[in-house]
Amino acid sequence: MREDFREILRLVRPGARVLDVGCGEGDLLEMLIRDKGADGRGLELEALKVSDCLARGLSVIQGDADRDLDYFPSRAFDYAVLSQTLQATRNPRHVLNELLRIADRAIVSFPNFGHWRVRWSLLTRGRMPETRALPEPWWSTPNIHLCSLADFAALTEDLDLRVEHCAALVRGRPARTIEPGRGWENWRAENALFLLSRRSQSPTAEPATGSGAAPQTSAPGDLFGA
Amino acid sequence: MTSSDTSPVEDGGIWRFGPDQPLRLDSGAGLQGLEIAWRSYGRLNADGSNAVLICHALTLDQHAAGTHPVSGKPGWWTRLIGPGRPLDPADWFILCSNVVGGCNGSTGPGSIDPATGAPYGVSFPVITIGDMVRAQAMLVEAMGIGRLAAVVGGSMGGMQVLQWAASYPERLRSAVCVASAARHSAQNIAFHEVGRQAVMADPDWRGGAYAAAGVRPEKGLAVARMAAHITYLSEGALQRKFGRELQNDGLSWGFDADFQVESYLRHQGGAFVDRFDANSYLYITRAMDYFDLAAPHGGVLAEAFRPARDVNFCVLSFTSDWLYPTAESRHIVRSLNAAGARASFLEIESDKGHDAFLLDEPVMDGALHGFFASVRASL
């Protein structure tokens, strides 16, 4: 399983309403529905991927994060997930704002352009970095708005967002909880994942789902004890 | 064993509603002695939860699957209905009925007006998509089906699907709307008007009273069909199929059907008049032109869908459909999102134009297979 998916599954509360923006073939959606009992829906740009999702019985809309989020009502979801997609949107700031309008929380992951491999690649080759996290050459990459961990943290400040959780993801290793403001993390994190909410709007209270046990303290590896 | 196990896998007939059950029409008029021709595939299960209603397009009929009793051809949606297909009669009770205003057994302008003993002709009241759906709801209720698992349709059938969701949201679990729109555009109305004028320009139309005169406006109806048929295809499909190919060697230097595309259209027009009634064509095209689901809601389509928040929608469109282009489907989907309804949407790559919804489109089959499987799992 992709490390960012594992981390997202850990963060999402059972039974939540989740919109997966850029859901691909629906792998994460299927896991959210199966493992977390989520009411999962998806948005995906590519027709072939949407048809795969529909054939799997998932509720997915062919659409564009830049344009189609605007049509969802406010707070229609508990979580909006944007996994490795923000950097490919035309207007990331608008998309992030919309995610936190239609959902109480947003889970956003992206490749960190401040990672040492990226810096090293540019420094030594003098050409647009091509790394294992960003393998495509500049002329074919869908990533038109790359940012570093520090850039993204600054945007969350600018939009007055609360960072509820932040993790560094390196391929093949478990997610590592980090303090996004620490400078060295901007060198170390190959990918970053944020759980965000709005400071100005109180998110819905933490759930007392199912058993009613205090969720925060139960089983390790899952914030909600599922 | 439940009693339904002994019912036939394929069934059909004409449902006659008594004088105590007139069809109330949107125009304010009413229809007495309503008859609805229907056909079904599969068995209704004990709790009546596996019923699917298929809504047909402008010139189609209740014979969605199986064999057509007149033409002997397979039903028009056998791609979707049949063993191993997305709607398998082993799992579902699949019902399709001829629309009111039609000419395949349901009450329409060709029916006898009980008040006069003669065919209605143009004294038949103008009907709407809403009236068609109201008649279907009467049939479904009469058959003892409380809540449909799905209402499914393409083109005008898709309009009925949307109307169902708006009018009877508590009576359907899911809705599949293919190659359709929530309103007729100016271009849609314009093409229909060409067709109607062609029918009415035929001297054999006789002000709609052609039945009494023992004639039929075949030429006018054929021209209407030829014009309409072009709108069901795409430039790419016509080019691929016919290009500039000639019927015979060389040009005739006259007005015979030199080009294969001309011959094809003439054939389409000629075949159509054998199976369709000219007045029904006028009435049903009118119903489509009058369709605007958002109109009673101040033009806000999401308001029409607001009561349908618990309905699971699947909306499909085709890239080369210029009659009901993807923008119309996207408008539907965005309105569903705004209303908070669960919706899936896919624009399928095809060069076959509007007719793609009736043709070999494996992506559509796969998408609907998955959709109906998920509906079945949720029953």
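Here the structure is a predicted model, which is why all the values come from computation and not from measurement.

Colleague: Sorry, what's going on with the overall build of chain B here?
Modeller: The helix and strand tally for chain B stands at 11 helices and 10 strands. Dimensions along the principal axes, computed over C-alpha positions, put chain B at roughly 70 × 50 × 45 Å. By residue count, 50% of the 379 residues in chain B fall in the buried class. Taking contacts inside chain B between residues at least 6 apart in sequence as the whole, the part at least 24 apart equals 72%.

Colleague: Looking at this structure, how should I read the pairing of strand 3 (residues 59-62) of chain A?
Modeller: In the case of a regular strand, side chains alternate between the two sheet surfaces. All names here are of chain A. Neither face of strand 3 is open: one carries Ser 59 and Ile 61, the other Val 60 and Gln 62, and all of them are buried. Bridge count for strand 2 (residues 39-44) against strand 3 is 4 bridges, and the pairing is parallel. When the bridges of strand 3 are listed, Arg 41 appears paired with Ser 59. Tracing the backbone out of strand 2, into helix 3 (residues 47-55) and back to the parallel element strand 3 gives a crossover that is right-handed.

Colleague: For this particular structure, what's the right way to read the confidence of the model for chain A?
Modeller: Detailed reading of predicted coordinates is not advised where the pLDDT is low. Confidence in the prediction for chain A averages 88 pLDDT; 88% of positions are at 70 or higher. Below pLDDT 50 for its whole length, residues 204-226 of chain A participates in 23 contacts with residues either more than four positions away or in separate chains.

Colleague: What should I look at first to understand the nonpolar core in this one?
Modeller: Ala 80 of chain A together with Val 52, Ala 150 and Ala 175 of chain B are the most contacted members of the largest nonpolar core, which has 175 residues in total. If we ignore the near neighbours within four places in the chain, the residues touching Val 52 of chain B are Leu 87, Trp 92, Phe 93, Ile 94, Leu 95, Leu 148, Ala 149, Ala 150 and Val 152 of chain B.

Colleague: How should I be thinking about the interface of chain A and chain B in this particular structure?
Modeller: Much of the literature gives interface size as the accessible area that the parts lose upon coming together. The interface is formed by 16 residues belonging to chain A together with 21 residues belonging to chain B. Sorting the residues of the side of chain A that touches chain B by element identifies helix 3 and strand 3 of chain A as the ones contributing at least two each. Ranked by the residues each element gives to the side of chain A that touches chain B, the list is headed by helix 3 of chain A, at 5 residues. Broken down by class, the residue content of the side of chain A that touches chain B amounts to 10 nonpolar, 4 polar and 2 charged.

Colleague: Explain unusual backbone geometry here, please?
Modeller: In terms of backbone geometry, most residues other than glycine have negative phi values and most peptide bonds are trans. Residues and elements named next belong to chain A. Even without being glycine, Arg 75 reaches a positive phi, approximately 55°. Of note, the phi angle at Gln 84 is positive, near 60°, even though the residue is not glycine. Assignment of secondary structure puts Gln 84 in the loop between strand 4 (77-83) and helix 5 (92-102).

Colleague: What's the story with the domain arrangement of chain B in this structure? I'm lost.
Modeller: Residues and elements named next belong to chain B. According to the domain assignment, chain B consists of domain 1 (3-183 + 292-377) and domain 2 (188-287). The C-alpha centroid of domain 2 is placed 26 Å from the C-alpha centroid of domain 1. Contacts between the two partners involve 27 residues from domain 1, matched on the other side by 22 residues from domain 2. When its residues are assigned to classes, the side of domain 1 that touches domain 2 shows 14 nonpolar, 10 polar and 3 charged.

Colleague: What am I meant to see in the pairing of strand 5 (residues 51-55) of chain B here?
Modeller: Residue and element names in this part refer to chain B. Counted residue by residue, strand 5 has 5 buried out of 5 residues, so it is predominantly covered. Residues of strand 5 alternate between two faces, with Ala 51, Leu 53 and Cys 55 on one and Val 52 and Ile 54 on the opposite face, all of them buried. Where strand 5 meets strand 6 (residues 93-97), 4 bridges bridge the pair, whose relative direction is parallel. When the bridges of strand 6 are listed, Leu 53 appears paired with Leu 95.

Colleague: Please clarify how the packing of helix 1 (residues 129-142) of chain B against helix 2 (residues 156-167) of chain B should be interpreted in this entry.
Modeller: When two helices pack together, their arrangement is given by the angle between their axes and by how far apart the axes lie. Residues and elements named next belong to chain B. Put simply, helix 1 and helix 2 touch, their axes get as near as 9 Å, and they point 70° apart. When the interaxial angle is binned, helix 1 and helix 2 end up roughly perpendicular. Of helix 2, the residues touching helix 1 (which contributes Ile 129, Gly 130, Met 132 and Val 133) are Met 159, Gln 160, Gln 163, Trp 164 and Ser 167. Partitioned by chemical class, the residues of the contact of helix 1 with helix 2 number 5 nonpolar, 4 polar and no charged.

Colleague: Looking at this structure, I do not really get helix 1 of chain B. What am I missing?
Modeller: Three or four residues apart is the spacing at which side chains of an α-helix point the same way, because the helix has 3.6 residues per turn. Residues and elements named next belong to chain B. Taking 1.5 Å of rise per residue, 14 residues should cover 20 Å, and helix 1 covers 20 Å from first to last C-alpha, within 8% of that figure. The buried count for helix 1 comes to 10 of 14 residues, which makes it a mostly enclosed element. If you check which residues of helix 1 are buried, you get Ile 129, Gly 130, Asp 131, Met 132, Val 133, Arg 134, Ala 135, Gln 136, Met 138 and Val 140. Check the buried side of helix 1 and you find it contacts strand 2 (23-24), strand 4 (35-41), strand 5, strand 6, helix 2 and helix 8 (278-290). After helix 1 finishes, the residue Gly 144 shows a positive phi value of roughly 80°.

Scoring rules and cut-offs
Residues numbered from 1 in each chain as written. Chains lettered and ligands numbered in written order. Predicted model: local features only at pLDDT ≥ 70, side-chain atom pairs only at ≥ 80, totals over all residues. Helix = DSSP H or I, 4+ residues; strand = E, 2+ residues; numbered from the N terminus. Buried ≥ 20, exposed ≤ 12 C-beta atoms within 10 Å, placed from the backbone. Contact = placed C-beta atoms within 7 Å. Pairing = 2+ DSSP bridges. Right-handed = clockwise from strand over helix to strand, strands pointing away. pLDDT = per-residue confidence, 0-100. Core = buried A, V, L, I, M, F, W, Y, C linked by C-beta atoms within 7 Å. Nonpolar A, V, L, I, M, F, W, Y, C, P; charged D, E, K, R; others polar. Domains from an automatic or database assignment. Axes fitted to C-alpha atoms, helices over the stretch in contact; angles between N-to-C directions. Parallel < 35°, antiparallel > 145°, perpendicular 65-115°, else oblique. Expected span 1.5 Å × (residues − 1).

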